[in-house]
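Reading the structure
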Amino acid sequence: MNAQAILFYVFAGAALGTAALVITAKNAISSAIFLVVCFFNLAALFVLLDAHFLAATQILVYAGAITVLILFVIMLLDITQLARMEGSRNATAQAIGLVLVAIATVLLARQVSESPIGFPESLPPAFGTVEAAGDILFKQYLLPFELVSLLLLAAIVAAVALAHREGDRP
Amino acid sequence: MFDFLGMGMMMLRIAVMLAIILQILPLLIWWERKISAYIQDRRGPAYANVGPVRLYGLIHTIADVIKLIGKEDITPAAAHKPFHFLAPAISMFVALLTFAVVPYGGTIEIAGRSFPLQVAQINAGILYVLAIASLGVYGIILAAWSSNNKYTLLGGLRSSAQLISYELVMSLALVSALMVYGSLRLDQAALHQAGPIWNWGAAVQPLAALLFITCAFAETNRNPFDLPEGESEIVAGYHTEYSSLRFALFFMAEYANIIVASGVITSLFFGGYQIPFVSTEFLRANASLVLHGLLLATAVGGPLLGLLMVFLFFQGNERGEKDWDSAVVALAAGFGPGLAAGGVLLLTGGRFELGAAGASILVALLQLGCCVAKLLFFCFLFIWVRWTLPRFRYDQLMRLGWKYMLPLALLNILVTGLVLWRQG
């Protein structure tokens, strides 16, 4: 087993472990912090795959911005009250959840069994660079990219419309 | 065979990076006291001493450290202990990590291999800086929440809102500068800014430089953006419940962040390690001449400085005592280096054979000096602004960020794009 494989198992194991802790932790803040650690391990896996740009973006967007917003919201809520609400689980919701997890597992298993396992022997010199990622994003997938940004814009406008009350100062 | 040279150079590169941050840090704490004192027409710290020597108040920093070590380390009873323990460590860790992609010198050529004076050459470059710097908010947020105190929580909330808002403008201000450099790598940016100072990023992209520096102030929580620790409203903000060395870690992290921000500003907008008007090739070709000139300047300038200091020594300080600080400077910065340089000149007769490796090392050292000098200027700017401008009100802060700086940054990207397109 080479060093790359050992590192892969270390980071993959840590990612799975922290992901499990996210849903089992009693405290919402602890969950959020474990989520950040999980994102870190995912970024490390990206680095192992020579995708440095993706790794940096992963930390910048998910660990640096989105989870901070999640923490922000948790802090504004009363956590002791959240803990008391845990009793409200119903059987239908649990059943739907189980079915969805089963579907996702089957789809993932099929995808994984079809794709090659192991580290690629040789990569093109520009692989994983900002230039390569930009080429793919703005040439090959330009239309989907623009559509996604339009979707995000709509979401932002909707958020502003919901948060804005009549009579507020603009 | 194990690559001893590569490994050794890597260790050296990391050591120099840590030395830059950790050695400038106490200096900055001294500057903060001394500069604030002169701005407010005081003298600043002047009593801590070793014998008759006060080093213009620098000894006070040592007294401070001893005081902080001696204090009781208190964890509030209602605190969340693991996070309360981790938060200061995260703050310092993030600050030290960010500097890894900042180049602090050109390349050194030894045995046909070239080593860049930069810890990590990552293609994502500045994205790494933004990514790691954005993690700094966790130190603040965790400290704020785990202390279980209203004031710390308010400080943490202010800080996270502020950091998210200004991070956005910071990245957008960067985009226009990076469009000009054509690369995200800071060493490429430094190469792009070689030569005369109108090649500097600040001259090519003045608006981006201004926006970026402003955001750097917000990201380091420095005045006028220091609402997270606004002492007139929320005691000391997120670190209210910290004492002893864990408070010291927050304190040090603030200055480490200033040094890192200054390093990034320098390499992006002010030529990085490049010495203005003088190219690396020119310096390398004339390395022995440069060394000769430096030694000559030290041999002449050192004793002159020493004589001035001896004059100040006899003139005495404001208490009418002999000024022993001047005596220390006279020996350590005046006569000592002067004699050493003169001795070397006399022994060698002023003829040097440096070779390619020696020339590259000399040039790299000069560039390291230039980089640190620029970096120190921006550290000074941080302190200068803190003691000059009043703190923003919270709504002013948000309005400035979202309504003025964000549209300006977007406009700057548009204009830069149009100009680059016209130029082809």
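Residues numbered from 1 in each chain as written. Chains lettered and ligands numbered in written order. Predicted model: local features only at pLDDT ≥ 70, side-chain atom pairs only at ≥ 80, totals over all residues. Heavy atoms only, no water.

1. Topic: the overall build of chain B
Tallying secondary structure elements over chain B gives 16 helices and 2 strands in all. The principal-axis extent of the C-alpha atoms belonging to chain B is close to 70 × 70 × 50 Å. For chain B, the residues scored as buried account for 50% of the 424 residues in total. A fraction of 81% describes how many contacts in chain B between residues 6 or more apart in sequence connect residues 24 or more apart. Summed over all atoms, the accessible surface of chain B reaches about 19,500 Å², with 71% contributed by carbon and sulfur. Averaging the coordinates of the 26 positive side-chain charges in chain B and doing the same for the 23 negative ones gives two points 2 Å apart. (Helix = DSSP H or I, 4+ residues; strand = E, 2+ residues; numbered from the N terminus. Buried < 20%, exposed > 50% of the residue type's maximum accessible area, 1.4 Å probe, protein only. Contact = heavy atoms within 4.5 Å. Areas by Shrake-Rupley, 256 points an atom, 1.4 Å probe, with all protein chains shown as cover. Lys, Arg positive; Asp, Glu negative; His and termini not counted. Charge placed at Lys NZ, Arg CZ, Asp CG, Glu CD.)

2. Quick notes on the interface of chain A and chain B
At the junction of the two partners, chain A supplies 27 residues and chain B supplies 24 residues. Scanning the region where chain A abuts chain B turns up 1 residue pair in polar contact (both at pLDDT 80 or more). Among the elements that line the side of chain A that touches chain B, the one with the most residues is helix H3 (residues 52-76) of chain A, at 16 residues. Here the residues of the side of chain A that touches chain B sort into 19 nonpolar, 7 polar and 1 charged. (Polar contact = N/O pair within 3.5 Å; in protein donor to acceptor, adjacent residues only side chain to side chain. Nonpolar A, V, L, I, M, F, W, Y, C, P; charged D, E, K, R; others polar.)

3. Topic: the confidence of the model for chain B
On average, chain B scores 83 in pLDDT, and the residues at 70 or more come to 99%. The ipTM for the predicted assembly is 0.76, set against a pTM of 0.84. (pLDDT = per-residue confidence, 0-100.)

4. A short note on the packing of H3 of chain A against helix H4 (residues 126-133) of chain B
Here H3 of chain A crosses H4 of chain B at 30°, and the two axes come no closer than 8 Å. Classified by the interaxial angle, the pair formed by H3 of chain A and H4 of chain B is roughly parallel. In this structure, H3 of chain A crosses over H4 of chain B, and the sense of that crossing is left-handed. On H4 of chain B, the residues touching Phe53, Ala56, Thr57, Ile59 and Leu60 of chain A of H3 of chain A are Leu127, Tyr128, Leu130 and Ala131 of chain B. Partitioned by chemical class, the residues of the contact of H3 of chain A with H4 of chain B number 8 nonpolar, 1 polar and no charged. (Axes fitted to C-alpha atoms, helices over the stretch in contact; angles between N-to-C directions. Parallel < 35°, antiparallel > 145°, perpendicular 65-115°, else oblique. Left-handed = near helix turned anticlockwise from the far one by under 90°.)

5. Details of the packing of aromatic side chains
Residues and elements named next belong to chain B. Taken as a whole and assessed by the stated rule, the structure comprises 15 aromatic pairs over all chains. Aromatic side chains Tyr242 and Phe250 sit 5.0 Å apart centroid to centroid with 80° between the ring planes, which places their arrangement in the edge-to-face category. We note that Tyr242, like Phe250, is buried. Here the aromatic residues Trp200, Phe270, Phe377 and Phe378 are joined through ring pairs into a cluster of three or more. (Phe/Tyr/Trp six-rings, centres within 6.5 Å; stacked < 30°, edge-to-face > 60°.)

6. A look at the pairing of strand S1 (residues 105-110) of chain B
Sheet faces and side chains relate simply in a regular strand, where the side chains alternate between the two faces. Residue and element names in this part refer to chain B. Relative to strand S2 (residues 113-117), S1 is paired through 5 bridges, and the arrangement is antiparallel. Directly across from Gly105, in S2, lies its bridge partner Leu117. Between S1 and the antiparallel strand that follows it, S2, lie 2 residues; Ala111 among them carries a positive phi value of about 50°. (Pairing = 2+ DSSP bridges.)

7. Comments concerning the domain arrangement of chain B
You can read the domains of chain B as domain 1 (75-277 + 361-423) and domain 2 (287-353). Taking the mean C-alpha position of each, domain 1 of chain B and domain 2 of chain B sit 36 Å from one another. (Domains from an automatic or database assignment.)

8. Description of helix H1 (residues 4-39) of chain B
A rise of 1.5 Å per residue sets the reference length of H1 of chain B, with its 36 residues, at 52 Å; its end C-alpha atoms lie 51 Å apart and thus fit the reference within 8%. If you look at H1 of chain B, its biggest bend is around 30°, right at Leu25 of chain B, and the proline Pro26 of chain B turns up within four residues after that. (Expected span 1.5 Å × (residues − 1). Bend = angle between axes of the 7 residues up to and from the residue.)

9. Examining the side chain of His84 of chain B
Residues and elements named next belong to chain B. Within the secondary structure, His84 is located in helix H3 (residues 81-98). With relative accessibility at 0%, the residue His84 sits in the buried group. Among all residues touching His84, those that are not within four sequence positions of it are Ile74, Thr75, Pro76, Ala79, Ser146, Ser147, Glu241, Tyr242 and Arg246.

10. Thoughts on the confidence of the model for chain A
Of all residues in chain A, 87% attain a pLDDT of 70 or more, and the chain-wide mean is 83. Within chain A, helix H7 (residues 142-163) of chain A carries the highest mean pLDDT (91), whereas helix H4 (residues 79-84) of chain A carries the lowest (58).

11. Remarks on the pattern of salt bridges
Residues and elements named next belong to chain B. Under the definition given, this model contains 8 salt bridges over all chains. Taking the shortest distance from any N to any O, the salt bridge between Arg185 and Asp187 comes out at 2.9 Å. A salt bridge links Asp395 to Arg399; the shortest N-O distance between them is 3.5 Å. Taken as a pair, Asp395 and Arg399 lie in helix H16 (residues 394-423) at a separation of 4 residues, close to a single helical turn. Of the residues examined, Asp395 reaches a relative accessible area of 29% and is grouped as partly exposed. One network of salt bridges, with partners in common, ties together Arg33, Asp64 and Lys67. (Salt bridge = Lys/Arg side-chain N within 4 Å of Asp/Glu carboxyl O.)

12. What about unusual backbone geometry?
The phi dihedral of Asp50 of chain A is positive, around 65°, even though this residue is not glycine. On the secondary structure map, Asp50 of chain A appears in the loop between helix H2 (28-48) and H3. Positive phi outside glycine occurs at Asp41 of chain B, with the angle close to 60°. Within the fold, Asp41 of chain B resides in the loop between H1 and helix H2 (59-70).

13. Remarks on H2 of chain A
Because an α-helix packs 3.6 residues into every turn, residues spaced three or four apart end up facing the same way. When the terminal C-alpha atoms of H2 of chain A are compared, their 31 Å separation across 21 residues agrees well with the 30 Å that a helix rising 1.5 Å per residue should span. Looking one or two residues past H2 of chain A, Asp50 of chain A carries a phi angle of roughly 65°, positive in sign.

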